[in-house]
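Structure at a glance
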Amino acid sequence: KAVEWFTKASVQGDSDAMFALGLYWMNGWGCDQDYTKAVEWYTKASAQGHSGAMFNLGVYWMNGWGCDQDYTTAFKWFAKASAQGHREAMNNLGACYSDGHGCDQNKTTAFEWYKKSAQLGCKNAQDNLNSAALGANGNEQSHTSKRRKTEASTGTSQSHTSKRRKTEASTGTSDSDDHILHD
């Protein structure tokens, strides 16, 4: 029933309803899970300026969920959401710069984006800053793709190491679980 009501609101141009439909299709809530439809609704919400939808599109393009994997397109979406102050997108933009995904690799710029994101309260960015600082001191390898775990939030717990460099799609679960509804 919720999908029906969100669809009606979306037809009226409600970007939050469009974003919600993306979440419903992503998670299979009240409908069959369909990443392609999630991408369609996130794209519509993004056209209305919805930063959470832009962030999720970045995650989808990064992973090839419902679309072809394309780091350049993922980077573009993370940059658009970051320009609107989206803290998780800033973290993921830092990860793109760290690994050269969709852009030239630049550790200094990566660190700057992690710092901006961490200052806004992003736990993953705080972990990335700690990893970068340890790596700079030679105590730990920093900025490696091996640390990154690119996934959609499912509400399940993960080890501290896997939380350090992950990119996630928003699902609406609590911030204390490191899974944030981005609006």
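Please read these numbers as outputs of a predicted model, since none were measured by experiment.

1. Quick look at the environment of Asp99
Along the chain, Asp99 falls in helix 6 (residues 87-99). Taking C-alpha positions, Asp99 is 8.8 Å from Ala110, a pair spaced eleven residues apart along the chain.

2. Considerations on the packing of helix 5 (residues 71-83) against helix 6
Remark: helix 5 packs on helix 6, axes separated minimally by 8 Å, with the N-to-C direction vectors making an angle of 140°. The angle between helix 5 and helix 6 places the two elements in the oblique class. In the crossing of helix 5 with helix 6, the sense of the turn from one axis to the other is left-handed. Contacts from Phe75, Phe78, Ala79, Ala81 and Ser82 in helix 5 reach Ala89, Met90, Asn92, Leu93, Cys96 and Tyr97 in helix 6. Split into classes, the residues belonging to the contact of helix 5 with helix 6 amount to nine nonpolar, two polar and no charged.

3. Regarding the packing of aromatic side chains
Taken as a whole and judged by the stated rule, the model has nine aromatic pairs. Ring plane angle 75° and centroid distance 5.5 Å describe the contact between Tyr35 and Tyr60, whose orientation is recorded as edge-to-face. One end of the pair, Tyr35, is in helix 3 (residues 35-47); the other, Tyr60, is in helix 4 (residues 51-63), and 25 residues separate them in sequence. In this structure Tyr35 comes out as partly exposed when scored by relative accessible area, which is 28%. You can call Tyr60 buried: its relative accessible area is 0%. Arranged with centres 5.3 Å apart and planes meeting at 80°, the rings of Phe75 and Tyr97 form a pair that is edge-to-face. Pair noted here: Phe75 is in helix 5 and Tyr97 is in helix 6, with a separation of 22 residues, a long-range link. Grouping aromatic residues by their ring pairs yields a cluster made of Phe19, Tyr35, Tyr42, Tyr60 and Trp65. Here the basic side chain of Lys44 rests over the ring of Trp41, its NZ or CZ set 4.3 Å away from the ring centre. The ring of Trp113 carries the charged tip of Lys116 above its face, separated from the ring centre by 4.2 Å.

About the cut-offs
- Residues numbered from 1 in each chain as written.
- Predicted model: local features only at pLDDT ≥ 70, side-chain atom pairs only at ≥ 80, totals over all residues.
- Heavy atoms only, no water.
- Helix = DSSP H or I, 4+ residues; strand = E, 2+ residues; numbered from the N terminus.
- Axes fitted to C-alpha atoms, helices over the stretch in contact; angles between N-to-C directions.
- Parallel < 35°, antiparallel > 145°, perpendicular 65-115°, else oblique.
- Left-handed = near helix turned anticlockwise from the far one by under 90°.
- Contact = heavy atoms within 4.5 Å.
- Nonpolar A, V, L, I, M, F, W, Y, C, P; charged D, E, K, R; others polar.
- Phe/Tyr/Trp six-rings, centres within 6.5 Å; stacked < 30°, edge-to-face > 60°.
- Buried < 20%, exposed > 50% of the residue type's maximum accessible area, 1.4 Å probe, protein only.
- Lys NZ or Arg CZ within 6 Å of the ring centre and 35° of its normal.

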